[in-house]
Every structure is written in C-alpha cells, then in structure tokens.
Amino acid sequence: MGCGMSKPAAATEPWQPAAEADPWQQLTMLEEAMRASATAAASLPISSPLPKLTAADHKGIPLLAALDEALVAVLRSGAIKLLRAEFLRADGSEAMLPKLLHRQELERMELERGICVFLTPEDAVAALRSLRREVAGLTYGWASPDHPDVTGEYLANVRRFLRHPLGEHVTALFWDFSSLPQKPRTEAEDELFSQSLKVMGDVYASAFGTTVIRHRSVPSQPAELDGEVVILVEKGGGLDGASAEAELRSALGAFENPRYEEGRWRVRFATYAAAEEAVEAATAAGALPGATAVFLFYNGRPYLARGWTTFESAVSTEALVRLAYFPGLGKLLEERLPPKVIEIDGEGPRVAEAEDRADEGMGPRNKRVIAAIKEATFTGKGDKPVVVELYREYAVKVNIAMARSGEVPKGEYEGEYNAAGEREGRGVMRFANGNVYDGEWKAGKREGRGVMRFADGEVYDGEWKAGLPEGRGVYRYANGEVYDGEFKADKREGRGVYRLADGGV
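Figured I'd write up the structure that's included with this text. Just so you know, these numbers come straight off a predicted model, no measurement behind them.

1. Examining the pattern of salt bridges
And step 1. For the structure shown, the criterion picks out 26 salt bridges.
And step 2. Between Lys331 and Glu335 there is a salt bridge, with the nearest N and O atoms lying 2.4 Å from each other. Of this pair, Lys331 and Glu335 both sit in helix α15 (residues 327–336), four residues apart, which is roughly one turn of the helix.
And step 3. Residue classification places Glu335 among the partly exposed residues on the basis of a relative accessible area of 40%.
And step 4. It is possible to trace a salt-bridge network through shared partners that takes in Asp146, Glu228, Arg259, Glu261, Arg264 and Arg266.

In structure tokens form, the structure reads like this:
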C-alpha cells in the first residue's frame, strides 16, 4: 500500500503511542506531520557549509567510490534497507517508535500504516553515492540475542545524534536489527541476509558514502535479566525438547524458570555469579553434549572485546589512515566532508579521536588489527576466520585504489634520474606507509621489471607499465594464495595459474 493511510483492525501494535482520548486520531496526526516534514525536507538541499566534493577533484575519488559497488548492488536488491533519518529525527518520533523494531516489524508498519520508514532502493543508492557521507552506519554491541537495545539507550542516543549539528547531513541510517531480516526468517529472507553479510565491511568502510556512528559503552544490565542464561541446542542432539530439563540440571546445577523455545533453552540462576560459573562449566569441551553454545542472555562484553565491532572500527578508518600518505587526497576529504567517525554515547555526539599512530606504518597496523580480531570474541561459529578475511580483502582493495590514484605517496627514493629530474632507470622507493618498490622506472613511474613488497605482507614480482603491474608476474597474497600469470593494468588478465593456500589450483 506504499505510504498511503490504512487504519488497522485493532490498534495493538507496539509502536502505538499512549493516549487518553483518541489514540488513532493522535497517531494519524503525528504520521501526517512526519510525512509533511519529510516532504518539505526532501524539497530542500541539505544545509552544509562544506564545499561539495566531486569526482573530478582527484583521480582517487572515483577509484575509492568504486569500492562501494558491491554495497550498491545489495541496496538495489533490497537485501539491506536503510532507515529514513527523518523518521527518527522528527519531533514526536518517540511516540511513533518508542522501542526499536526489527526489519520485518517495520515493513509491516509501512504496509499497514502507510508510514515511510525506509528509503527506496533508488534513494538509498543515491545517498551512498552522494560523496557527502549521508548514510550513517551504527556500530555497537548487541545487549541480548533477542533484542540489541533492551534498555532503549541506543535508540535514544541515535536520535540525539540525528538532531545534533554533527548529524544534520545524514539522510539514511543503517542499523543491523532494522536494516537486515531478523529471525525467524523465510527462505527468501535467509538469502537476503546472506547477501548482506558479504558487504558488512563496506557499510562502515565507505570513504565517501558513510559516516560511522559508534556507541562504545554497553548499557547496564536490567535487574530483571540478572542470571539469565541461553543454551543453543542442535536438532536431534538430545537437548531439543522439554524432556531434556533433567539433563540440563545435571550439567548446570540449580536454576529456575526453565523455558524451551525452538532451538534453545532459557534458564535463570539465582545470581549473576552463579550464571557465569554455569556458563564457564558448560562451555568446557564435551561438558554439555547436544549444546552448540551456552552464554549469558545479557551481553555486557566491552565493545573492543567483541569481534564484529573490532572489525567495524578497523575498516571505518582503514582508508583514512592510508590517506596520511596521500596528502593531496587527504586534504580534500578533510576540507569537504563531515567527520568519518562520530562517538554518540556518553555526554553527546563528538568527533572520534584518532587512535592510529602516525609513525606506525600500514604493515604493523594491519597485523595489529588482525591480531585484535583474532583475540576478540565472536558468538557465531566460524565468524572469526571469515571476518579476518573480510578485513584483509578490504585492505588490499583500498591499497590498490590508492596506488592507482595518480598521487605519489610520501616516501624516500634512492636511484637513477633522467635529465628532466624524473625517476628513471634503476631505483628503490621506500614509501611512508611501509611499501617498498625495488626495480625499474621510466618518466617517474614504475615501468619495466620490479618487485613491490606491500606493508601487509603481499608481494608482486614481475613486469610494470605506467606505474601498474602489466605483463608477466607473480602475486603472493597475505593469505598464502599465489597467482602466476599475466596482468593488464593491475588486473589478472590473460593466461595464468591461481594456487590456493591449501595447494589447490
């Protein structure tokens, strides 16, 4: 029904505001006011004192923007939906949405109430491609497996950001709980969810499309959830049914209020300490056969001790850190774009402080980030190696984009020059980001035979033309894979053999 009005048969939805007289009339008036506000906002340019960034300003801009194309495809397919910022920013939106709802509930809200909650796929793509960081991506720690914002603190602080001068440029919001299909999912929704996971890093990494809003602090645990424990069970494993309660008591000890739900148990211990002790005992190898995971229902784990949030913070600044070695492009972004990362917890929205050391170099940074991801905790089985690989892949992509930008990064050169003072002949270039090229040059660019050792451990040994790998060469990736064959303008093209890390071809 789109955004037309349609009164439901019964006003019992969780988004209905409290009212003493006529709740339907009150809600209708609020909806109309929000639609009028959104229509008026859409007809006006976004107020910003910053001069507009364009693709023509630097060769690196379209190259970095092209890294968003996988995310563009997922937005177009509807696998990811972006919330309209005005839906949460508008005065009175607290009455419309007092508690965060998951995507399927918001889709039903749109259908039944005619409220425009999400951007259309076309508008979502336009916001991402605006070159103004109009899409805000929230990075935070889920408070529980059933609902990420049990206390409402996250939602309140997101609204506060959107109404703050630091958030006035934002037209769209990515919030995983509301932007991705949540469980229980249909088969079609499972497919959309799988598509979205492949571009999670791009949501936070986009150099020009997204502003990252970070909520580091985890809200305090509500007293009513103290001692709650979840046991995920495998189908047919012996614990998937109410009859398994005795076995759970034998393994976990005394608990109260046992509830079997599809695929899991929830039980409550007398104290938080008793719950922690039970979880630790149950997670020991073989302690509870038939259980796939045992954990506290309320997750108070710190932000940087969580795997996905560690990854999200790292990719948020990956391109920015590299821009320190490309001062021309870096200066453009600093002058013409709003800040990339905003802290939204605590006393209020504020620009995030730089956490990377200027003298660290990209190689040590990459190793530090990978070590942090490996050390962090993931609740999903198998997530850790996937996330490490996602980070490595993005680091390689952004490194290639920067290298193709035409801007020579800072560094020291030792070698031969031509009569015009350009690097030509044999020489070694040690870049400030840790990359080292040892080989032949022509008219100031890498051309001929040479070896590039990247800061992240990858190595290309082969032929070059106009500053890019072209001809015959061998590329050794950080994950152990090797390509031996032909290149064209830095891309594998022609005959070649690709060997996987496990020896497969």
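2. So, the pairing of strand β14 (residues 445–453)
And step 1. As defined by bridge partners, strand β13 (residues 436–442) adjoins β14 across six bridges and the pair is classed as antiparallel. Within β14, the residue paired with Lys442 across the bridge is Lys445.
And step 2. In this antiparallel pair of consecutive strands, β13 and β14, the connection spans two residues, and Ala443 shows a positive phi of 55°.
And step 3. Across six bridges, the pairing between β14 and strand β15 (residues 459–465) is antiparallel. Counterpart to Arg449 in the pairing with β15 is Glu463.
And step 4. Connecting the antiparallel pair β14 and β15 is a turn made up of five residues, with Gly457 showing a positive phi of about 100°.

3. What to know about the sheet that holds β15
And step 1. Strand order across the open sheet formed by eight strands is β11-β12-β13-β14-β15-β16-β17-β18, with antiparallel pairing between neighbours. Edge positions in the sheet fall to β11 (411–417) and β18 (491–499), since each of these pairs with one other strand and no more. In this sheet, neighbouring strand axes are inclined to one another by 10° on average, regardless of whether the strands run parallel or antiparallel.

4. Quick look at the packing of helix α14 (residues 307–323) against helix α16 (residues 362–375)
And step 1. Taken N-terminus to C-terminus, the directions of α14 and α16 make an angle of 170°; their axes are 10 Å apart at the nearest point. By the angle between their directions, the pair α14 and α16 is classed as roughly antiparallel. Residues Thr310, Phe311, Ala314, Thr317, Glu318, Val321 and Arg322 of α14 form the contact with α16, whose own contacting residues are Met362, Arg365, Asn366, Val369, Ala372 and Ile373.

5. Here we look at the nonpolar core
The tendency in soluble globular proteins is for nonpolar side chains to be buried side by side.
And step 1. In terms of nonpolar packing, the biggest core is built from 59 residues, with Ile80 and Phe208 touching the most fellow members.
And step 2. Among the elements that take part in this core, helix α17 (residues 383–403) stands out by supplying eight residues, more than any other.
And step 3. Residues contacting Phe208, with those up to four places away along its chain left out, are Leu53, Ile61, Leu64, Ala65, Leu131, Arg132, Arg133, Leu333 and Leu337.
And step 4. Within the second largest apolar cluster, 28 residues are counted, among which are Phe87, Leu106, Met109 and Ile342.

6. Points about unusual backbone geometry
And step 1. Residue Pro184 is bonded to the preceding Lys183 through a cis peptide linkage, with omega at -5°.
And step 2. Topologically, Pro184 is positioned in the loop between α9 (176–179) and α10 (187–197).
And step 3. Positive phi is not limited to glycine here, since Asn257 has a value of about 50°.
And step 4. For Asn257, the position within the fold is in strand β6 (residues 256–261).
And step 5. A positive phi angle, close to 55°, is found at Ala443, a residue other than glycine.
And step 6. Note on placement: Ala443 falls in the loop between β13 and β14.

7. Describing the environment of Gly450
And step 1. Position of Gly450 among the secondary structure elements: in strand β14.
And step 2. Relative accessible area serves as the criterion here: at 3%, Gly450 is assigned to the buried category.
And step 3. A C-alpha to C-alpha distance of 9.5 Å links Gly450 and Val428, two positions 22 residues apart in sequence.
And step 4. What Gly450 contacts, discounting residues up to four positions off in sequence, is Tyr437, Asp438, Gly439, Tyr460, Asp461, Gly462 and Trp464.

Thresholds applied
Residues numbered from 1 in each chain as written. Predicted model: local features only at pLDDT ≥ 70, side-chain atom pairs only at ≥ 80, totals over all residues. Heavy atoms only, no water. Salt bridge = Lys/Arg side-chain N within 4 Å of Asp/Glu carboxyl O. Helix = DSSP H or I, 4+ residues; strand = E, 2+ residues; numbered from the N terminus. Buried < 20%, exposed > 50% of the residue type's maximum accessible area, 1.4 Å probe, protein only. Pairing = 2+ DSSP bridges. Axes fitted to C-alpha atoms, helices over the stretch in contact; angles between N-to-C directions. Parallel < 35°, antiparallel > 145°, perpendicular 65-115°, else oblique. Contact = heavy atoms within 4.5 Å. Core = buried A, V, L, I, M, F, W, Y, C linked by side-chain atoms within 4.5 Å.

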